[in-house]
Amino acid sequence: MDAGSPDDEWREDCAPRRVLELFATKWTSMVLHTLHARHGGAARTGVLQRSLPGISKKMLTQTLREMEASGLITRHVETVVPPAVEYRLTPLGERFVVPVELLYAWGRDNADALDTLVPRPGSRRR
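Now for a description of the structure that goes with this document. These numbers were taken from a predicted model, which means no experiment stands behind them.

Digging into a nonpolar patch on the surface
Part 1 of the argument: A grouping of Trp106, Leu114 and Leu117 is seen on the molecular surface, where their side chains present a nonpolar patch of about 300 Å² in accessible area.
Part 2 of the argument: Summarising the element assignment, Leu117 is placed in the segment after helix H6 (111–116).
Part 3 of the argument: What makes Leu117 partly exposed here is its relative accessible area of 49%.

Right, here's the structure in full:
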């Protein structure tokens, strides 16, 4: 494959695939949205747990760790007893909020189209 060929934009490490890989789990986009839209960019673990119905504590912890490792959020531990942990969007996380918010707005504006989709097996939608 020649450099600059049309196939280059679809190789495994291309930008569109990397974006989709980042949001392959629903919780990453939902945590970004929740931190941004409901909590001004920062929230403690328990607050996030209550703001995300359906997420288990284990899945929230796993998602937060992955997001921290990728640079989307930072973890701040307050030295109180018991320790209080707060997660904050990084400047990079704020950049990724933009497409998430556009997608969520599209979903709200097109709920009728979403309602016509046949639910996938195992979907919680009825």
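A look at the pattern of salt bridges
Part 1 of the argument: Under the defined criterion, the tally for this structure stands at two salt bridges.
Part 2 of the argument: Notably, a salt bridge pairs Asp13 with Arg11, separated by 2.6 Å at the nearest N-O pair.

Brief notes about the nonpolar core
Part 1 of the argument: Formed by 19 residues in total, the largest nonpolar core has its most connected members in Val31, Leu32, Leu35, Leu48, Leu60, Leu64 and Ile73.
Part 2 of the argument: A total of four residues in this core trace back to one element, the largest contributor, which is helix H2 (residues 26–39).
Part 3 of the argument: Sequence-distant contacts of Leu48, that is, excluding residues within four places in its chain, are made with Thr34, Leu35, His39, Ala43, Leu60, Leu64 and Tyr87.

Overview of unusual backbone geometry
Excluding glycine, most residues fall at negative phi; most peptide bonds, likewise, are trans.
Part 1 of the argument: Residue Pro82 is bonded to the preceding Val81 through a cis peptide linkage, with omega at -10°.
Part 2 of the argument: You can see Pro82 is positioned in the loop between strand S2 (73–78) and strand S3 (84–89).

A word on the pairing of S3
Part 1 of the argument: Taking burial as the measure, the six residues of S3 include five buried ones, the bulk of the element.
Part 2 of the argument: Sheet topology note: the strand S1 (residues 42–44)/S3 ladder contains three bridges and is antiparallel. The partner of Ala43 across the bridge, within S3, is Tyr87.
Part 3 of the argument: Hairpin remark: S2 followed by S3, antiparallel, with five residues in the connecting loop.

A closer look at helix H5 (residues 91–109)
Part 1 of the argument: Over its 19 residues, H5 runs 28 Å from end to end, which matches the ideal 27 Å to within 8%, given 1.5 Å per residue.
Part 2 of the argument: If you look at H5, its biggest bend is around 25°, right at Val97, and the proline Pro99 turns up within four residues after that.
Part 3 of the argument: When H5 is considered as a whole, its buried residues turn out to be Gly93, Val97, Val100, Glu101 and Gly107.
Part 4 of the argument: In this structure, the buried side of H5 is in contact with H2, S3 and H6.

Conventions and cut-offs
Every chain begins its residue count from 1, and numbering advances along the sequence as written. Thresholds applied to this predicted model are a pLDDT of at least 70 for local features of residues and 80 or more for the giving and counting of side-chain atom pairs; totals over whole chains, interfaces and linings are not thresholded and use all residues. Excluded from the side-chain calculations are hydrogens and water; all other atoms, namely the structure's heavy atoms, are used. A patch is a set of surface residues, each over 30% in relative accessible area and not in a salt bridge, joined within 9 Å for like charges and within 5 Å for the nonpolar side chains Val, Leu, Ile, Met, Phe, Trp and Tyr. For accessible areas, the Shrake-Rupley method is used with a probe of radius 1.4 Å. Any residue's cover is judged against the shown protein chains and nothing else. Any Lys or Arg side-chain nitrogen found within 4 Å of a carboxyl oxygen on Asp or Glu counts as a salt bridge. Put simply, DSSP H or I for four residues or longer makes a helix, DSSP E for two residues or longer makes a strand, and each gets a number counted from the N terminus. Classification of residues uses two cut-offs on accessible area relative to the type maximum, computed with a 1.4 Å probe and protein chains only: under 20% is buried, over 50% is exposed, and between them is partly exposed. The term nonpolar core refers to a set of buried residues drawn from Ala, Val, Leu, Ile, Met, Phe, Trp, Tyr and Cys, joined through side-chain atoms within 4.5 Å. Contact criterion: two residues are considered in contact whenever any of their non-hydrogen atoms come within 4.5 Å of each other. Strand pairing requires that DSSP identify at least two bridges connecting the strands. In this analysis, the expected span of each helix is defined as 1.5 Å times one less than the number of residues it contains. Bending is quantified residue by residue as the angle between axes fitted to the seven-residue window ending at that residue and the seven-residue window starting at it.

So, to be careful, I would describe these as geometric facts and stop short of saying anything about function.
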